Amino acid sequence: EAGLWGSPYQRLSRRMRDISGDRGVLKDVIREGAGELVTPDASVLVKYSGYLEHMDKPFDSNCFRKTPRLMKLGEDITLWGMELGLLSMRRGELARFLFKPAYAYGTLGCPPLIPPNTTVLFEIELLDFLDSAESDKFCALSAEQQDQFPLQKVLKVAATEREFGNYLFRQSRFYDAKVRYKRALLLLHRRSAPPEEQHLVEAAKLLVLLNLSFTYLKLERPATALRYGEQALIIDRKNAKALFRCGQACLIMTEYQKARDFLVRAQKEQPFNHDINNELKKLASYYRDYTDKEKEMCHRMFAAYDNGSTVGEN
């Protein structure tokens with residue numbers, strides 16, 4: 001090893017912090033993060049690139065993905081070094097790590113890409129993490145047990161479930177997102193809050209109902225989307241998003257009059273909203289096509305009648 005002190009990784013390692021206790025995982029923070037450290041059961045959203053010492057291009061990277069996948073510690077992350085590294089990070093942090101073979105690909109390496117006994121460098125950006133252990137444990141409790149906890153705990157768990165749903169939604173995993181949103185809604189429905197705190201429960205419910213309405217539109221189930229949108233309107237009857245979702249659902253179901261009522265109410269709340277105005281234009285063109293077809297059908301019926309070919313006449 002003495003002869004290697006001049007190599008790039010050796011030079012780099014001198015100013016890096018030892019986080020494994022045996023210099024097997026070394027860390028250099030490029031940009032500080034904020035908040036709590038990653039928890040052992042968390043699901044993380046990261047961007048990473050792995051490099052070999054004398055190569056400019058990464059041998060492994062997820063940076064080209066538009067939306068990185070949510071990965072659970074202990075399940076989806078196979079490198080021990082990366083797992084240890086992530087546990088030392090905070091949200092928004094960008095860091096560089098060196099992993100010795102024991103914390104990376106071992107004595108055998110990973111042929112043909114990674115030679116035996118190779119130290120690798122990883123750049124990791126922690127975009128966000130969610131601790132599902134807390135919410136999983138809480139959701140497994142009975143309603144009576146959940147009632148023993150303060151309202152803030154219920155709201156926190158429901159918010160975590162909703163955030164999970166949002167990640168899944170952004171990855172177009174609409175069915176899985178729906179399951180998370182429904183878990184959040186069930187927690188909030190179960191909970192009876194004192195009058196002075198009821199507004200907090202209603203505000204949390206409103207967000208989940210809007211998410212569910214949008215998700216069911218994506219799942220091509222407009223009737224259910226409409227039902228959740230209408231539940232949101234019971235909480236906030238002027239909510240432009242809820243009015244818009246209801247309008248979209250009615251338009252898909254070709255209930256044009258109802259669609260118009262919802263969309264006009266949405267437009268009244270947000271006159272310059274691009275999406276609402278576009279949906280109204282779409283409605284107008286659909287309705288025009290629909291009335292043209294109706295006219296054509298009536299015209300055919302009358303034409304048939306005038307030709308003496310109505311049913312029952314020979």
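What counts, and where the lines are drawn
- Residues numbered from 1 in each chain as written.
- Predicted model: local features only at pLDDT ≥ 70, side-chain atom pairs only at ≥ 80, totals over all residues.
- Heavy atoms only, no water.
- Helix = DSSP H or I, 4+ residues; strand = E, 2+ residues; numbered from the N terminus.
- Contact = heavy atoms within 4.5 Å.
- Areas by Shrake-Rupley, 256 points an atom, 1.4 Å probe, with all protein chains shown as cover.
- Lys, Arg positive; Asp, Glu negative; His and termini not counted.
- Charge placed at Lys NZ, Arg CZ, Asp CG, Glu CD.
- Buried < 20%, exposed > 50% of the residue type's maximum accessible area, 1.4 Å probe, protein only.
- Pairing = 2+ DSSP bridges.
- Patch = residues over 30% accessible without salt bridge, like charges linked within 9 Å, V, L, I, M, F, W, Y side chains within 5 Å.
- Salt bridge = Lys/Arg side-chain N within 4 Å of Asp/Glu carboxyl O.
- Expected span 1.5 Å × (residues − 1).
- 1 Å grid on protein atoms, 1.4 Å probe; cavity = no way out; pocket = protein on both sides within 12 Å on 5 of 7 lines; lining within 4 Å.
- Points joined across faces, edges and corners; volume = space filled by probe spheres on them.
- Nonpolar A, V, L, I, M, F, W, Y, C, P; charged D, E, K, R; others polar.
- Polar contact = N/O pair within 3.5 Å; in protein donor to acceptor, adjacent residues only side chain to side chain.
- Core = buried A, V, L, I, M, F, W, Y, C linked by side-chain atoms within 4.5 Å.
- pLDDT = per-residue confidence, 0-100.
- Phe/Tyr/Trp six-rings, centres within 6.5 Å; stacked < 30°, edge-to-face > 60°.

### A closer look at the overall build of the chain
Then, number 1: Looking only at helices and strands, the chain features 11 helices and 9 strands.
Then, number 2: Oriented by its inertia axes, the alpha-carbon framework of the chain measures out at about 105 × 55 × 40 Å.
Then, number 3: Intrachain contacts of the chain at a sequence separation of at least 6 include 63% that bridge at least 24 residues.
Then, number 4: Here the chain displays about 18100 Å² of accessible surface, and carbon together with sulfur accounts for 53% of that area.
Then, number 5: Here the chain contributes 47 positive and 42 negative side-chain charges, whose respective centroids are spaced 2 Å apart.

### Quick word on the pairing of strand 4 (residues 42-51)
Then, number 1: Buried residues dominate strand 4, accounting for 9 of its 10 residues.
Then, number 2: Bridging between strand 4 and strand 9 (residues 120-131) involves 10 bridges; their strand directions are antiparallel. Directly across from Tyr51, in strand 9, lies its bridge partner Leu121.
Then, number 3: Both strand 4 and strand 6 (residues 71-72) contribute to a ladder of 2 bridges, which runs antiparallel. Bridged to Val44 within strand 6 is Met71.
Then, number 4: The pairing of strand 4 with strand 5 (residues 60-61) spans 2 bridges and is classified as antiparallel. Residue pairing in the sheet places Gly50 in a bridge with Asp60 of strand 5.

### Structural notes on a positive patch on the surface
Then, number 1: Taken together, Arg237, Lys238, Arg265 and Lys268 make up a surface patch of like positive charges.
Then, number 2: A relative accessible area of 46% means that Lys238 is categorised as partly exposed.

### Considerations on helix 6 (residues 174-190)
Then, number 1: Taking 1.5 Å per residue, 17 residues should reach 24 Å; helix 6 reaches 24 Å between its end C-alpha atoms and fits that length.
Then, number 2: Contacts made by the buried residues of helix 6 are with helix 3 (132-139), helix 4 (143-147), helix 5 (151-170), helix 7 (198-218) and helix 8 (222-235).

### Concerning empty space enclosed by the protein
Then, number 1: Tallied over the full model, the rule gives 1 cavity of 30 Å³ or more.
Then, number 2: Put simply, the largest cavity is a space of about 40 Å³.
Then, number 3: When residues of the lining of the largest cavity are traced back to their parent elements, those giving at least two are helix 4 and helix 6.
Then, number 4: It is helix 4 that provides the largest number of residues to the lining of the largest cavity, a total of 3 residues.
Then, number 5: Of the residues that constitute the lining of the largest cavity, the class distribution is 4 nonpolar, 1 polar and 3 charged.

### Let's talk about the side chain of Asn239
Then, number 1: Relative to the helices and strands, Asn239 is located in the loop between helix 8 and helix 9 (240-252).
Then, number 2: Asn239 sits in the buried class, given a relative accessible area of 12%.
Then, number 3: At 2.9 Å, the side chain of Asn239 and the backbone nitrogen of Ala242 are in polar contact.
Then, number 4: With near-sequence residues (within four places) excluded, Asn239 lies in contact with Leu206, Leu210 and Leu233.

### Examining the nonpolar core
Then, number 1: In terms of nonpolar packing, the biggest core is built from 45 residues, with Leu188, Val208, Leu212, Phe262 and Leu283 touching the most fellow members.
Then, number 2: Elements represented by at least two residues in this core include exactly helix 5, helix 6, helix 7, helix 8, helix 9, helix 10 (256-269) and helix 11 (274-306).
Then, number 3: A total of 9 residues in this core trace back to one element, the largest contributor, which is helix 7.
Then, number 4: Ignoring any residue separated from it by four or fewer positions in sequence, one finds Leu188 in contact with Leu155, Ala158, Val201, Ala204, Lys205 and Val208.
Then, number 5: Listed in part, the 27 residues of the second largest apolar core include Leu79, Phe97, Tyr105 and Ile114.

### Section: the confidence of the model for the chain
Then, number 1: Per-residue confidence for the chain gives a mean pLDDT of 87, with 91% of residues at or over 70.
Then, number 2: In this model residues 309-314 is a low-confidence stretch, pLDDT under 50, and it forms 4 contacts with partners more than four residues away in sequence or in other chains.

### Let's talk about the packing of aromatic side chains
Then, number 1: On inspection of all chains with the given rule, the structure shows 10 aromatic pairs.
Then, number 2: Residues Phe138 and Phe149 carry aromatic rings whose centres are separated by 5.3 Å and whose planes lie at 75 degrees to one another, so their mutual orientation is edge-to-face. Placement of Phe138 in helix 3 and of Phe149 in the loop between helix 4 and helix 5 is noted, with a sequence separation of 11 residues between them.
Then, number 3: A relative accessible area of 2% means that Phe138 is categorised as buried.
Then, number 4: Between Phe169 and Phe214, the ring centres sit 5.0 Å apart and the planes meet at 40 degrees, which makes this aromatic pair tilted.

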